[in-house]
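Listed here are the chains, written in short residue letters.
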Amino acid sequence: MNVSIWRHIGAATMLLLLVGFWYLAGSSGQHGSRAPFLIVTGALFGLVLQRSRFCFFCVLRDLFEFGDGRPAAGLLAALLVGSIGYVVLFGNWIADPSAGYLPQDAHIGPVSWHLLLGGLLFGWGMALSGSCISAHLYRLGEGYSVAPFALAGSAAGFILGFMVWNRLYVATISTSPVIWLPEYGGYAVWTLVQLAVLLSLKLWLLIRFRPDPEAKPSGDTGCDPAAFGQATAATGQTSAASTHFDDAPTQSDLASKQSEHPSTQKSSAFADCSDPSYSGGGQPVSPDSGTLSLSSVWSRVFVELWPTWVGGVVVGLLSMIAYLRVEPLGVTAELGRYSRQLGNRFDLLPDRLEGLDGFAGCSTAAAPEVLTGNGIFVVALVAGSLIAALLSGRFRLSRLTATKALKGFAGGVLLGLGAMISLGCTIGTTLSGISAFALSGWVFTLAMVLGVWSGIRWKWHR
Amino acid sequence: MKKYSILIIALLFAVNIQARPSEPVVSTDWAAQNLNNPDVRFVEVSVEPGKFERGHIPGAVNFRWHTDLVDPVRRDIVSPEKFAELLSGSGISNETTVVLYGDHNNWFAAWGAWVFTIYGHDNIKILDGGRDKWERERRPLSSRPASYTRTDYRVTQINDHLRANLQDVLAVVKEDQPGALIDIRSRAEYEGRVIAPEGIQELAIRAGHIPGAVNVPWGEIVNPQDGTFLPREQIRKIYAEKGIDGSKPVITYCRIGERSSHTWFALHFLLGYETRNYDGSWTEYGNAVGVPIDNPAGTVWTGK
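Residues numbered from 1 in each chain as written. Chains lettered and ligands numbered in written order. Predicted model: local features only at pLDDT ≥ 70, side-chain atom pairs only at ≥ 80, totals over all residues. Heavy atoms only, no water.

### Topic: the environment of Arg7(A)
Residue and element names in this part refer to chain A.
Part 1 of the argument: One can find Arg7 in helix α1 (residues 2-27).
Part 2 of the argument: Taking C-alpha positions, Arg7 is 9.0 Å from Ala389, a pair spaced 382 residues apart along the chain.
Part 3 of the argument: A polar contact is formed between the side chain of Arg7 and the backbone oxygen of Leu390, at a distance of 2.8 Å. (Helix = DSSP H or I, 4+ residues; strand = E, 2+ residues; numbered from the N terminus. Polar contact = N/O pair within 3.5 Å; in protein donor to acceptor, adjacent residues only side chain to side chain.)

Next up, the structure:
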């Protein structure tokens, strides 16, 4: 009973802190009207990632380990919506894509084997640490205790990346082409091609990979079992919520009772992965789905997990809105910037990183501010996820073992190194890159998926 | 008869003033009233890429300084052919009044104005206070692209005399030619304490300034509150105090020749002094072999 009250007080406090942050960032005068926008979109992004379990690794793991293609198909919704959004903006900004201009600060990077290397390392890092960087950030808000180690590892990985950058730059990046697909053939052709490819992939995933109802995932996995354990509880809360409006303690009591008897529930400990309501299925879980009471809406938005595709659609929209108003979505720029400062402080990095700051992507160039726009966005992301986790009762400090911490850190190093070489991660390069019709986004993603697949095959995530 | 001729001359002079494009600097109010004027075209030249796309003065077109107004391979301004093509595509004719504006106190807008004037289009104005003032006054922005009927713009004259090269500068330094030099960089750069501001990649091998140059940082002639130019007489006084009074041709320079265009604009258009911009600036002069340098701070090149 008390736990639930504290959860809501915690969420309200976080919200207040976020408003305070808004005020501080807005009044510093460095970001002007961008600050409120960054905070709102950042918090919303964190909330959506948490609510829909928008974790690239978990989703790929569902596919490769449990044969469930629906979450991965849901993830593609983000790319579909994002691509459409971007092409609308592109048409407005650059009437003729063959004019020789690249769309302003869209994440379109150089294409060569360095992306395959970066993607592969990043994929392995995901398998080893249990998440990609964006998911570590939102799961930090869920109390995932490995996340800080993975993020610290990422910082170290970034420093490693900066140390090898000049060699990579001279070896390949300086002469590799920056390919923006619409430049070759126009918007119409590439929009059709990209949408066709994404839709075919989506259908293939949905049809070919149906979950095996008998599949029982094992306990200790990369995808935080602590968080999933509560998914069971969350399912149970729905019915309670409809009858006991505003009676949070009862919900919580009921939930905890039910979670003590997981066998009575249809969903296993991996409800998120195997319950149709959480993935592509789209069937409402609520027994009272016929009536639309305030409590059922509250419960569906803030308590139950959203299907991945809902998260995907919202992420795609956010991606477009962010590009329209400030810059493409990305979560590693600030991490990279701080790592670069740290590396410089200890004289680990060369005086000049050749050509690096000239590329579009997650920029790590020095800036006078304590937090750049990307930093504000990331802080708001974690806060948004924490609020969502508190409200849904999914905040739980997961148990930490030395092995987990070590694996998290080592995986983090690979994540940072991969993201640095590729000028972004699964958000900056996959989401913002593919949406921008950048060939670099596709190449990185291909290698990243291969990395995750092999990592899972070699059971690095166990 | 003499009386009459004076009267006629005075009359001609008055007519001449009338016929001249009135003020080289226009206010945001004027701009707001002329948004739909077909004879006026707004052109944004911002330092920061991406600003125009996310919102600009309605109807404005975007000139990217790093691709549209320069030669991307050779260190030079855009060729007259490319310039004519750029203007034709933007629906600007030889008669159009062009209002340039941009971020960062119109640095690059002024640089654009310099390029326009070199290619003989002197029917240009600068929006006083630039983009920042427009935004601060909460005036409308648009993210819709404007499309204009193509024109056939022709560059008919090239005003090379507005541009100084290294030889021109050396001629002044050696007093072979009369002239005055204005270094518009910060005091620290002028004195040679630093080669360039922090975070700048393009450096010179030597620090200091061109002998004989006076230091008037570009910001001294603008209103610190809103970035507008100070009143003409005040600007005249600021330069006069440094010995620049228009009696000798002036050469302005900075690090890469862009910010000095801001000072060039004020001297050329507001004060009417004969002024050239040295776009090679310190990144050329400070790297040139065998040229005299004044380095009051005594910074010694250590190879780092």
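Next, the rest of the story.
### Quick notes on the interface of chain A and chain B
Part 1 of the argument: Each side of the interface is counted separately: chain A has twelve residues, and chain B has eleven residues.
Part 2 of the argument: Contact with chain B buries surface across chain A, with Asn92(A), Tyr101(A) and Gln104(A) losing the most and accounting together for 54% of the total.
Part 3 of the argument: On the surface where chain A and chain B come into contact, there are one salt bridge.
Part 4 of the argument: Linking Asp105(A) and Arg54(B) is a salt bridge whose minimum nitrogen-to-oxygen distance equals 2.8 Å.
Part 5 of the argument: Across the chain A-chain B interface, the total number found is seven residue pairs in polar contact (both at pLDDT 80 or more).
Part 6 of the argument: Elements with a contribution of two residues or more to the side of chain A that touches chain B: α4 (70-93) and α13 (308-325) of chain A.
Part 7 of the argument: No other element matches the three residues that α13(A) contributes to the side of chain A that touches chain B. (Contact = heavy atoms within 4.5 Å. Buried area = accessible area lost by both parts, 1.4 Å probe. Salt bridge = Lys/Arg side-chain N within 4 Å of Asp/Glu carboxyl O.)

### A short note on the pattern of salt bridges
Part 1 of the argument: In the structure shown here, the tally under the stated rule is 27 salt bridges over all chains.
Part 2 of the argument: Between Asp68(A) and Arg70(A) there is a salt bridge; the shortest N-O distance is 3.1 Å. Arg70(A) shares its class with Asp68(A); the two are buried.
Part 3 of the argument: A salt bridge links Arg74(B) to Asp76(B); the shortest N-O distance between them is 3.0 Å.
Part 4 of the argument: Relative accessible area serves as the criterion here: at 52%, Arg74(B) is assigned to the exposed category.
Part 5 of the argument: According to the relative accessible area criterion, Asp76(B) is partly exposed, its value standing at 24%. (Buried < 20%, exposed > 50% of the residue type's maximum accessible area, 1.4 Å probe, protein only.)

### Observations concerning the sheet that holds strand β4 (residues 97-101) of chain B
All names here are of chain B.
Part 1 of the argument: The sheet built from five strands is open, its strands ordered β1-β5-β4-β2-β3 with parallel pairing. Every other strand in the sheet has two partners, leaving β1 (25-26) and β3 (61-62) as the edge strands with one partner each.
Part 2 of the argument: Judged from the three bridges that link them, β4 and strand β5 (residues 124-127) form a sheet pairing that is parallel. By the bridge assignment for β5, Val99 is matched with Lys125. (Pairing = 2+ DSSP bridges.)

### A closer look at the side chain of Thr228(B)
Residue and element names in this part refer to chain B.
Part 1 of the argument: Here Thr228 lies in the loop between β8 (214-215) and α8 (232-241).
Part 2 of the argument: Polar contacts involving the side chain of Thr228 include one to the side chain of Asp226, which spans 2.8 Å.
Part 3 of the argument: Those residues in contact with Thr228 that lie beyond four places of it in its chain are Asp128, Gly129, Lys133, Ile221, Val222 and Asn223.

### Looking at helix α14 (residues 333-345) of chain A
Residues and elements named next belong to chain A.
Part 1 of the argument: The end-to-end C-alpha distance of α14, which contains 13 residues, comes to 18 Å, matching closely the 18 Å that a straight helix rising 1.5 Å per residue would cover.
Part 2 of the argument: All of the buried residues along α14 are Ala333, Glu334, Gly336, Arg337, Ser339, Arg340 and Gly343.
Part 3 of the argument: The secondary structure elements touched by the buried residues of α14 are α7 (147-171) and α15 (373-392).
Part 4 of the argument: Just past α14, the residue Asp347 takes up positive phi, approximately 55°. (Expected span 1.5 Å × (residues − 1).)

### Focus on the packing of α7(A) against helix α16 (residues 402-421) of chain A
Residue and element names in this part refer to chain A.
Part 1 of the argument: With their axes 6 Å apart at the nearest point, α7 and α16 run at an angle of 35° to one another. The interaxial crossing formed by α7 with α16 has right-handed handedness.
Part 2 of the argument: Residues belonging to the contact of α7 with α16 are distributed by class as follows: 17 nonpolar, seven polar and no charged. (Axes fitted to C-alpha atoms, helices over the stretch in contact; angles between N-to-C directions. Left-handed = near helix turned anticlockwise from the far one by under 90°. Nonpolar A, V, L, I, M, F, W, Y, C, P; charged D, E, K, R; others polar.)

### Thoughts on the domain arrangement of chain B
All names here are of chain B.
Part 1 of the argument: When the domains of chain B are assigned, the result is domain 1 (20-158) and domain 2 (161-285).
Part 2 of the argument: Using C-alpha coordinates to define each centre, domain 1 is positioned 23 Å away from domain 2.
Part 3 of the argument: Listed by partner, the interface residues are 23 residues for domain 1 and 26 residues for domain 2.
Part 4 of the argument: Taking both sides of the interface into account, the surface hidden between domain 1 and domain 2 amounts to around 2100 Å²; carbon and sulfur atoms contribute 64%.
Part 5 of the argument: It is Arg75, Trp107 and Trp114 in domain 1 that bury the most area against domain 2; as a group they hold 31% of the surface buried on that side.
Part 6 of the argument: The interface formed by domain 1 and domain 2 contains two salt bridges.
Part 7 of the argument: A salt bridge links Asp76 to Arg163; the shortest N-O distance between them is 2.8 Å.
Part 8 of the argument: Our enumeration of links across domain 1 and domain 2 arrives at eight residue pairs in polar contact (both at pLDDT 80 or more). (Domains from an automatic or database assignment.)

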